[in-house]
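Listed below are the residues making up each chain.
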Amino acid sequence: MSVKIVVKKNKIPAEVRPLLGRAPVLRSEQVDAYEDFLALVAEAVCPMDTLEWILVKDYVDLAWEIRRLRCAKPGMIDVARKQALRSILESILEREDFEHAASRTLEAEVKADEWYTDVAVKEELLELMSRYGVDEDMITAEAIALRSRELAQVDLMLASAEKRRNEMLREIGLYRELLSTKLGDSTKVVEGEAYDIALAPSNN
Amino acid sequence: MTSPRKLIANRENARRSTGPRTLASKARAAQNSMRHGLSVSLVRAPEMFAEIDRLAVALAGSRRDPTALEQARIAAEAELELQRVRAYRKFVLDEKTAQMAPPCRLAAAGENGGSSPSAKANQEQTARAVCGALPELAALDRYEKRALSRRRRAMLWLMYTVVAVST
């Protein structure tokens with residue numbers, strides 16, 4: 001059963017909205033999903049002033065960026081899979097397996113293309129690969145190896161964004177703590193005044 | 001080694017080259033090395049003054065003392081710089097996505113199952129864009145960190161003084 005999360009998108013006050021800047025949503029991403037997420041976080045945190053709204057928006061922006069980078073990682077591996085398959089085929093294809101071209105590189109390229117279009121060829125290639133102890137997981141491993149430098153850079157960016165997002169949470173926490181100290185002190189003043197009034201001799 | 005004839009010709013040509021002459025071309029040439037302008041402070045952009053002031057007043061809240069307003073202004077500048085960096089990051093990624101070829105058959109076929117073909121194609125497009133823009137994205141991190149640390153300092157001052165003023 002799917003659970004639909006209902007959030008109020010107009011939770012953001014009209015006077016705050018223009019101060020927050022635009023949503024950092026790409027053309028390939030969904031603005032609605034970002035707005036829902038912002039509304040959800042705002043509902044949980046209940047920002048009280050502009051300063052808190054800015055911190056909440058920052059938290060959401062960073063979380064959105066983290067999500068984008070995390071999604072990009074498997075995508076980067078998927079994109080490299082065909083190149084990885086070609087490279088594996090190039091190393092295992094025997095001359096008698098050549099059907100389309102005389103060159104090993106070209107033959108591997110054509111076969112890698114057919115992997116995605118022809119189920120029979122895919123089965124054939126899986127069988128050939130199994131003879132060399134290679135399976136589909138090894139294609140993924142090869143793809144990761146091909147993109148290792150880029151993946152490491154994305155990991156660095158992810159770590160940096162996660163650190164900033166956590167700092168944002170700490171800042172909101174600190175601000176709340178300071179405000180609660182302020183509230184606590186003012187409560188003491190109010191309680192003190194009430195106590196003084198109670199102890200004061202009655203005029204009656 | 002350069003021949004004496006070529007050397008003389010080079011010197012002649014260099015003497016004839018005077019660079020930009022008019023004010024407009026000098027102004028244009030001054031922007032030759034500009035890439036994104038993110039290292040230029042917003043204080044140098046007069047069109048941003050009103051926006052900085054508006055945000056600074058909102059951040060200062062009810063406080064109107066000059067020190068609070070100054071810190072709020074610093075925080076507002078840094079916040080707008082941060083928004084500028086993020087807008088540029090979005091621009092870079094959108095541009096890269098537009099330059100990319102349409103998603104390949106692997107994504108269209110949804111090879112691994114699970115997510116729908118269109119979601120997979122979107123994921124692949126974003127992955128290609130991120131991969132292609134990695135050096136620029138890494139460089140943008142520096143500007144974001146700088147703006148964030150400026151904003152944090154000013155905001156912390158504002159946070160602490162909220163308490164100090166009221167107690």
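Small disclaimer: the values here were computed from a predicted structure and weren't measured.

Cut-offs and rules
- Residues numbered from 1 in each chain as written.
- Chains lettered and ligands numbered in written order.
- Predicted model: local features only at pLDDT ≥ 70, side-chain atom pairs only at ≥ 80, totals over all residues.
- Heavy atoms only, no water.
- Helix = DSSP H or I, 4+ residues; strand = E, 2+ residues; numbered from the N terminus.
- Buried < 20%, exposed > 50% of the residue type's maximum accessible area, 1.4 Å probe, protein only.
- Contact = heavy atoms within 4.5 Å.
- Areas by Shrake-Rupley, 256 points an atom, 1.4 Å probe, with all protein chains shown as cover.
- Buried area = accessible area lost by both parts, 1.4 Å probe.
- Salt bridge = Lys/Arg side-chain N within 4 Å of Asp/Glu carboxyl O.
- Polar contact = N/O pair within 3.5 Å; in protein donor to acceptor, adjacent residues only side chain to side chain.
- Axes fitted to C-alpha atoms, helices over the stretch in contact; angles between N-to-C directions.
- Parallel < 35°, antiparallel > 145°, perpendicular 65-115°, else oblique.
- Nonpolar A, V, L, I, M, F, W, Y, C, P; charged D, E, K, R; others polar.
- Patch = residues over 30% accessible without salt bridge, like charges linked within 9 Å, V, L, I, M, F, W, Y side chains within 5 Å.
- Lys, Arg positive; Asp, Glu negative; His and termini not counted.
- Charge placed at Lys NZ, Arg CZ, Asp CG, Glu CD.
- pLDDT = per-residue confidence, 0-100.
- 1 Å grid on protein atoms, 1.4 Å probe; cavity = no way out; pocket = protein on both sides within 12 Å on 5 of 7 lines; lining within 4 Å.
- Points joined across faces, edges and corners; volume = space filled by probe spheres on them.

Participant: I'd love a proper account of the overall build of chain A, names of residues and values included.
Facilitator: Each helix and strand in chain A was counted, giving 6 helices and 0 strands. Along its sequence from the N terminus, chain A presents helices and strands in the succession α-α-α-α-α-α. Burial status across chain A gives 40% buried among its 204 residues. When contacts within chain A are restricted to residue pairs at least 6 apart in sequence, long-range pairs at least 24 apart make up 67% of them. Surface accessibility of chain A: about 11700 Å² in total, with carbon and sulfur atoms responsible for 54%.

Participant: Any chance you could break down the overall build of chain B for me, citing the residues and the numbers?
Facilitator: The helix and strand tally for chain B stands at 7 helices and 0 strands. Going residue by residue from the N terminus, the α and β elements of chain B occur as α-α-α-α-α-α-α. Taken over 167 residues, chain B has a buried fraction of 37%. Once local pairs closer than 6 in sequence are excluded, the contacts in chain B between residues at least 24 apart make up 73%. Carbon and sulfur atoms provide 57% of the accessible area of chain B, an area that totals close to 9800 Å².

Participant: Go over the interface of chain A and chain B with me, naming the residues and quoting the values.
Facilitator: Contacts between the two partners involve 50 residues from chain A, matched on the other side by 46 residues from chain B. With both sides pooled, the region where chain A packs onto chain B buries about 4300 Å², and carbon together with sulfur makes up 63% of that total. On the surface where chain A and chain B come into contact, there are 8 salt bridges. The residue Glu167 of chain A makes a salt bridge to Arg152 of chain B at a minimum N-O spacing of 2.7 Å. Put simply, chain A and chain B have 15 residue pairs in polar contact (both at pLDDT 80 or more) between them. Only α2 (50-92), α3 (104-115) and α6 (148-199) of chain A provide two or more residues apiece to the side of chain A that touches chain B.

Participant: Please provide a residue-by-residue account of the environment of Gly21 of chain A, values included.
Facilitator: All names here are of chain A. By the element assignment, Gly21 lies in the segment before α1 (31-45). Residue classification places Gly21 among the partly exposed residues on the basis of a relative accessible area of 26%. With 144 residues separating them in the primary sequence, Gly21 and Arg165 have C-alpha atoms 18 Å apart.

Participant: Account for the packing of α2 of chain A against helix α5 (residues 136-146) of chain A, with residues named and values stated.
Facilitator: Residue and element names in this part refer to chain A. Closest axis-to-axis distance for the α2/α5 pair is 7 Å, and the angle between their directions is 110°. Classified by the interaxial angle, the pair formed by α2 and α5 is roughly perpendicular. In this structure, α2 uses Ile77, Ala80, Arg81, Gln83, Ala84, Leu85, Ser87 and Ile88 to contact α5, whose residues at the interface are Glu136, Met138, Ile139, Thr140, Glu142, Ala143, Ile144 and Leu146. Class assignment for the residues of the contact of α2 with α5 results in 10 nonpolar, 3 polar and 3 charged.

Participant: Account for a negative patch on the surface, with residues named and values stated.
Facilitator: On the surface, a cluster of negative charge is made up of Asp118, Glu123, Glu124 and Glu127 of chain A. Classification of Glu124 of chain A as partly exposed rests on a relative accessible area of 43%.

Participant: Describe the confidence of the model for chain B, with residues and values.
Facilitator: Residue and element names in this part refer to chain B. Per-residue confidence for chain B averages 81 on the pLDDT scale, and 83% of its residues sit at or above 70. The element-level mean pLDDT for chain B is lowest in helix α5 (residues 105-109), coming to 46, with helix α4 (residues 66-99) highest at 91. Scored below 50 in pLDDT, residues 105-110 makes 12 contacts in the model with residues more than four places away or belonging to other chains. For this predicted complex, the interface confidence reaches an ipTM of 0.74, while the overall pTM sits at 0.75.

Participant: So what's going on with the environment of Ala72 of chain A? Residues and values would help.
Facilitator: Here Ala72 of chain A is to be found in helix α2. You can call Ala72 of chain A buried: its relative accessible area is 0%. Sequence separation between Ala72 of chain A and Val154 of chain A is 82 residues, and the spatial gap between their C-alpha atoms is 8.6 Å. Beyond its immediate stretch of four places on either side in the chain, Ala72 of chain A contacts Ala127 and Val130 of chain B.

Participant: Requested: an account of empty space enclosed by the protein, with residues and values cited.
Facilitator: Enumeration over the complete set of coordinates arrives at 5 cavities of 30 Å³ or more. If you add up the space inside the largest cavity, you get close to 70 Å³. When residues of the lining of the largest cavity are traced back to their parent elements, those giving at least two are α2 of chain A together with α4 of chain B. With 4 residues, the top contributor of residues to the lining of the largest cavity is α2 of chain A. When grouped by side-chain class, the residues that make up the lining of the largest cavity number 2 nonpolar, no polar and 6 charged.

Participant: Hey, could you go over the environment of Arg147 of chain A for me, with residue numbers and the actual values?
Facilitator: Here Arg147 of chain A shows up in the loop between α5 and α6. Between the alpha carbons of Arg147 of chain A and Lys73 of chain A there is a distance of 9.6 Å; along the sequence they are 74 residues apart.

Participant: Talk me through unusual backbone geometry; I want residue IDs and the actual numbers.
Facilitator: Its identity as a non-glycine residue notwithstanding, Cys46 of chain A has a phi of 50°, on the positive side. Note on placement: Cys46 of chain A falls in the loop between α1 and α2.

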